[in-house]
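A closer look at the structure
Listed below, chain by chain, are the residues.
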Amino acid sequence: MATKNIFSKHLPNVKLATRFDADGNEIQVEKREDEEQKRKEQDIIDTLVGAGYYRAHIQGLSSFDKIVGGMTWCIEACDYDVNVDLLFHENLTIGQKIALTEKIVGVLPRMKCPFLIEPHQIQGLDFINIFPVVQWLVKRSVENRSKKADTLRKLAATQFQNHFTLESDRELQRLRLKQLAYLQAIESKYLPKRQFKQRKAAGGGWIPVRPKDATDQEISDGVRSLDDGTETGAEDEEEDEEDATVSTEKEHNIPVELTDADQLKLSKRYDDIKQKISSDVVENVSERNRVKSQLALKLALEKKLELALGECAQLRITVQEEERELQEASDRKETLEEEIRNLDNLEITENNQKILDHVKELVLKNERMKKQETQFKDNCKKELAELQQKIEKAETSTPDEDMVELQRQLDMELERLKSLRLQLAKKNRSYVAIKRQLDTVPDRTELAQYQRRFLELYNQVSAKHRETKQFYTLYNTLDDTKLYLEKEMSLLNSIYDNYANAMQTPHSREQFVQQFETIVEGIRATKAKLKKKCDDEKAKRDGLNAQLLCLVEQQRKYAATVKQLTMECQRNETLMQHLKVLKAAHASTQQQ
């Protein structure tokens, strides 16, 4: 296959700038020299510096780093919520540059940018088309920063009001406290008076009853409290009787359906039976049970011992048989090895190895000759039979039959020719396919281009993988935040729901306060745990950053070493050529 240089075509006013990739390989990049492009580049840098992106003043950065870094800075300053992560680092690879430019171009339409731009224009540094986009982004970022400043100013005023109080506000607060004290005094003076009571009905339940002197509304608090105390005492006596009955039922396992007289009889009988049983009888029974259990355990252990002894005897017999078989096999092996050594010594000592090889060759040749002789005899017999058949046919055949025979042979030959042509066509097709496969094998230039493209694809895939991992991390973080917020909301709701019930009595209030302190301690412990986890992750991140810096430094050293090695190889080639020329000149002088 004829090779051609795919990089041989050059555009006018184009300079090939030499660069080196991460592996130290030389890369040729087309860079257009144009006055208008330089002027637009300077305008873009001035615009970014005027907007506050002072990094564009650094002389060591490339134009791509300055422009793309400024666009990334403007988009981040706009606080626009997009589903991408605009990460930017210096000295990006080709795949990372392509991915970053594609992200920027994908974000611009969502920000309603009126100017259109393509990723290859940013990567190719087409400053004429980049300038209006950068100008619009700078204007948008300045407006967004002014809005953010207003918001922060309002937030500062709000925080000031939360932490500091003016004199007028203090006067208003004092007035409200005084009014609240007056209101509480009035409420305590005019307390509510009781109009009804709840009394127990004859058939069960409670009914409201108006007191006898309620119409006059002159019932004193002492009489009311006395009545309430009497009723409460009666109710307490009834409850004590019920509790005693229930405890007796639980202690003696008496069914609830029995009457009181039956329950008393059963409980008395149960107590008499318990008193009759003496402690000596209980001790004798326990000692007898212990002896029986020891005897049963002894019998079980004796049975296990007998089984173990029987298994041990069987295992000993089996081990002896295996040892005997092993000894026989080892003796047989030794005898065979001894015979093999004797045979080897015999061949070596008699010095007849060549004769033995020659005899083996003759034996094989004799067998081959016998096979060929039998095959030749079979072929001769077949040919003789065919010739005899032809002679018989020739003696008995007529001209018409000869013509038919010749026509049949001609048809057979035509069929054979047709089959041979088909085979030839098949061979030609296979030849063309093989030739096409050979033509598809790339040369060195194409292989280098394929390698470069595969590296770019690998970098792009790795960038996409890293971006996907960041999305997963962001999702997990937001999910944890949502979970903690839901817990906080449920906790606040439970506190709000139980506050009214907890404030009714002092005991419930103390329990509520204790529960609240327990919840606060749990929240503090959770906060400390999460803070520790955050510190661990930060330490891990710092370690990985340090490792990354070391690897980047090694990569730079490797690229510099490869470059130096390439220069030394070129120098070696030139010196070798010069040495060949000197040798040729010296040889020509000697011949003369």
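Residues numbered from 1 in each chain as written. Predicted model: local features only at pLDDT ≥ 70, side-chain atom pairs only at ≥ 80, totals over all residues. Heavy atoms only, no water.

1. So, the overall build of the chain
Which entries qualify depends on this criterion: The secondary structure listing takes helices from DSSP runs of H or I that are at least 4 residues long and strands from runs of E that are at least 2 residues long, numbered from the N terminus. Exposure categories follow from relative accessible area, calculated using a 1.4 Å probe and restricted to protein chains: below 20% of the type maximum is buried, above 50% is exposed, and the middle band is partly exposed. Residue contacts are defined here by distance: any two heavy atoms, one from each residue, within 4.5 Å place the two residues in contact. Accessible surface area values rest on a Shrake-Rupley calculation with a 1.4 Å probe, where residue burial reflects the displayed protein chains alone.
Scanning the chain from terminus to terminus reveals 13 helices and four strands. When burial is assessed residue by residue, the chain has 13% of its 592 residues classed as buried. In the chain, once contacts between residues fewer than 6 apart in sequence are set aside, the share between residues at least 24 apart is 49%. Roughly 50000 Å² of accessible area belongs to the chain as shown, and the carbon and sulfur atoms make up 56% of that amount.

2. Regarding a nonpolar patch on the surface
In plain terms, the rule: Patch construction takes residues with relative accessible area above 30% that form no salt bridge. Like charges are linked within 9 Å, and nonpolar side chains (Val, Leu, Ile, Met, Phe, Trp, Tyr) are linked within 5 Å. Put simply, a salt bridge is a Lys or Arg side-chain nitrogen that is within 4 Å of an Asp or Glu carboxyl oxygen.
Together, Leu447, Tyr450, Phe454, Leu457 and Val461 give the surface a local cluster of nonpolar side chains, amounting to about 520 Å² of exposed area. With respect to the helices, strands and loops of the structure, Tyr450 is situated in helix H12 (residues 444-502).

3. Some words on the nonpolar core
Condition: Residue types Ala, Val, Leu, Ile, Met, Phe, Trp, Tyr and Cys, when buried and joined through side-chain atoms within 4.5 Å, form a set referred to as a nonpolar core.
Counting residues in each nonpolar core, the largest one holds 31 residues, and the members touching the most others are Ile44, Met71 and Leu137. Those elements that provide at least two residues to this core are helix H1 (35-51), helix H2 (63-77), helix H3 (94-110) and helix H5 (127-163). Per-element accounting of this core gives the leading share, eight residues, to H5. Beyond its immediate stretch of four places on either side in the chain, Leu137 contacts Met71, Cys74, Ile75, Cys78, Leu108 and Met111.

4. Topic: the pattern of salt bridges
Counted by the stated rule, this structure contains 11 salt bridges. Asp150 serves as the salt-bridge partner of Arg153, at 2.8 Å between the closest nitrogen and oxygen. Here Arg153 and its partner Asp150 are both found in helix H5, three residues apart, which amounts to about one turn of the helix. With its nearest N and O atoms 3.6 Å apart, the salt bridge here joins Arg324 to Glu328. Linking Arg324 with Glu328, this pair stays in helix H9 (residues 279-350), spanning four residues, or about one helical turn.

5. A closer look at the packing of aromatic side chains
What counts here: Aromatic rings from Phe, Tyr and Trp, taking only the six-membered ring of Trp, are treated as a pair when their centres fall within 6.5 Å; an angle between ring planes under 30 degrees marks them as stacked, one over 60 as edge-to-face, and anything in between as tilted.
Considering all chains together, one arrives at three aromatic pairs under this definition. Both rings, one in Tyr53 and one in Trp73, keep their centres 5.6 Å apart while their planes meet at 35 degrees; by these two values the pair is tilted. Of the two residues, Tyr53 is situated in the loop between H1 and H2 and Trp73 in helix H2; the sequence distance between them amounts to 20 residues. Given the relative accessible area of 24%, Trp73 is considered partly exposed. Members of the aromatic cluster, connected to one another through ring pairs, are Tyr499, Phe512 and Phe516.

6. Side note on the packing of H3 against H12
Just so we agree on the cut-off: Axis definition: a line fitted to C-alpha atoms, limited for helices to the stretch in contact. Angles are taken between N-to-C directions and run from 0 to 180 degrees. Small angles under 35 degrees read as roughly parallel and large ones over 145 as roughly antiparallel, with 65 to 115 read as roughly perpendicular and the rest as oblique. Left-handed describes a crossing whose near helix is turned anticlockwise from the far helix by less than a right angle; the clockwise case is right-handed. Residues are grouped as follows: nonpolar covers Ala, Val, Leu, Ile, Met, Phe, Trp, Tyr, Cys and Pro; charged covers Asp, Glu, Lys and Arg; every other residue, Gly included, is treated as polar.
Interaxial distance between H3 and H12 falls to 7 Å at its minimum, and their mutual angle equals 55 degrees. The pairing of H3 with H12 is recorded here as oblique in orientation. In this structure, the crossing between H3 and H12 has a hand that is right-handed. Taken together, the residues of H12 that come into contact with H3 (itself represented by Ile94, Gly95, Gln96, Glu102 and Lys103) are Glu456, Asn459, Gln460, Arg466 and Glu467. Taken together, the residues that form the contact of H3 with H12 break down as one nonpolar, four polar and five charged.

7. Topic: H5
We count it as follows: To estimate how far a helix should extend, the number of its residues minus one is multiplied by 1.5 Å.
The terminal C-alpha atoms of H5 lie 52 Å apart, and with 37 residues this matches the ideal 54 Å at 1.5 Å per residue to within 8%. Looking only at H5, the buried set comprises Phe127, Ile130, Phe131, Val133, Val134, Trp136, Leu137, Val138, Ser141 and Asn144. Contact partners of the buried residues in H5: H1, H2, H3 and helix H4 (119-123).

8. What to know about H2
End to end, H2 covers 21 Å across 15 residues, agreeing with the expected 21 Å (1.5 Å per residue, within 8%). Among the 15 residues that make up H2, 12 are buried, leaving the element largely enclosed by the rest of the structure. The elements touched by buried residues of H2 are H1, H3, H4 and H5. The first or second residue beyond H2 is Asp79, which carries a positive phi of 55 degrees.

9. Description of the confidence of the model for the chain
For the record, the criterion: The predictor's confidence in any single residue is recorded as pLDDT, a number from 0 to 100.
Per-residue confidence for the chain gives a mean pLDDT of 76, with 76% of residues at or over 70. Element-level pLDDT for the chain is lowest in helix H7 (residues 221-252), with a mean of 42, against a maximum mean of 90 in helix H13 (residues 506-591). Contacts from residues 82-88, a stretch scored under 50 in pLDDT, to residues over four places away or in other chains number 22 contacts. This model gives residues 213-257 a pLDDT under 50, and the stretch forms 29 contacts once residues within four places in sequence are excluded.

10. Things to note about the packing of H12 against H13
At a minimum axis separation of 11 Å, H12 and H13 run at an interaxial angle of 170 degrees. Judged on the interaxial angle alone, H13 and H12 are roughly antiparallel. Residues Tyr484, Leu491, Ile495, Asn498, Tyr499, Asn501 and Ala502 of H12 lie in contact with H13, whose contacting residues are Ser508, Arg509, Phe512, Phe516, Ile519, Ile523, Thr526 and Leu530.

11. A word on the side chain of Glu456
For Glu456, the position within the fold is in helix H12. Beyond its immediate chain neighbours, meaning those up to four positions away, Glu456 contacts Ile94 and Gly95.

12. What about the environment of Gly69?
Inspection of the secondary structure assignment puts Gly69 in helix H2. Gly69 sits 14 residues away from Arg55 along the chain, and the two C-alpha atoms are 8.5 Å apart.

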